[in-house]
Amino acid sequence: MKRFGRELRVGIPFLWLGLIIGLSFVHNTVSAKAMKADLTVDLMGAGKMVFTSLNKMEIYLAIVFAVSIFFAIPKAKVFWTYILIVLILIFQSIRFLPEISGYWLDSLKMIAHGKSTLEFWYFSLELVKSFLLLLTGFFALKEIR
């Protein structure tokens, strides 16, 4: 069971990172198609669905990773990078997700004029979280060798 917990801790960060990257590409593709049709359609529909779905999947993966800790206690590097990832996820879920879900239509003019920094901070935290996921995966990989 210890080996299973350690292997799970290697797979989850890379799967999570792939999910973030994959959904970003999906959203960008949908955005490009919606740009040709209507910007409002993208901001109301696709953006809300993508960010909400991504957030739910990230929460599920964080829970599965936490369960792996019960199989085998990780080393400090794995544990603390995971804690930082979870803190970023909680902050994004509380601070940005409610605004992203209902923010788009009301702030369309602000976004168009560059007055909204919501997206900048959300995506900056996504980059930090992605880097931490990569580190966590590599730290966990070193743990099973």
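Residues numbered from 1 in each chain as written. Predicted model: local features only at pLDDT ≥ 70, side-chain atom pairs only at ≥ 80, totals over all residues. Heavy atoms only, no water.

**Remarks on the overall build of the protein chain**
Step number 1: Within the protein chain one finds five helices and zero strands.
Step number 2: Taking the contacts inside the protein chain whose residues are at least 6 apart along the sequence as the reference set, 82% of them involve residues at least 24 apart.
Step number 3: On the protein chain, roughly 8700 Å² of surface is accessible, and the fraction owed to carbon and sulfur atoms is 74%. (Helix = DSSP H or I, 4+ residues; strand = E, 2+ residues; numbered from the N terminus. Contact = heavy atoms within 4.5 Å. Areas by Shrake-Rupley, 256 points an atom, 1.4 Å probe, with all protein chains shown as cover.)

**Concerning the nonpolar core**
Step number 1: Counting residues in hydrophobic clusters, the biggest one holds 25 residues, and the most contacted among them are W16, A62, Y82 and L133.
Step number 2: Of all the secondary-structure elements, those providing two or more residues to this core are α1 (2–37), α2 (39–71), α3 (76–103) and α5 (118–144).
Step number 3: At eight residues, α3 tops the list of elements feeding residues into this core.
Step number 4: Here L133 is in contact with P13, W16, L17, I20 and I85, once residues within four sequence places are set aside. (Core = buried A, V, L, I, M, F, W, Y, C linked by side-chain atoms within 4.5 Å. Buried < 20%, exposed > 50% of the residue type's maximum accessible area, 1.4 Å probe, protein only.)

**Some remarks on a nonpolar patch on the surface**
Step number 1: Side chains of M57, I59, Y60, I63, V67 and F70 sit close together on the surface and give an oily, nonpolar patch of about 620 Å² of accessible area.
Step number 2: Among the structural elements, I63 can be located in helix α2. (Patch = residues over 30% accessible without salt bridge, like charges linked within 9 Å, V, L, I, M, F, W, Y side chains within 5 Å. Salt bridge = Lys/Arg side-chain N within 4 Å of Asp/Glu carboxyl O.)

**Here's the deal with the side chain of S130**
Step number 1: Position of S130 relative to the elements: it lies in helix α5.
Step number 2: Once residues within four sequence positions are removed from consideration, S130 is found in contact with L17 and I20.

**Focus on the confidence of the model for the protein chain**
Step number 1: On average, residues of the protein chain carry a pLDDT of 77, and 68% of them reach 70 or more.
Step number 2: Within the protein chain, no element has a lower average pLDDT than helix α4 (residues 108–112), which sits at 51, and none a higher one than α5, at 87. (pLDDT = per-residue confidence, 0-100.)

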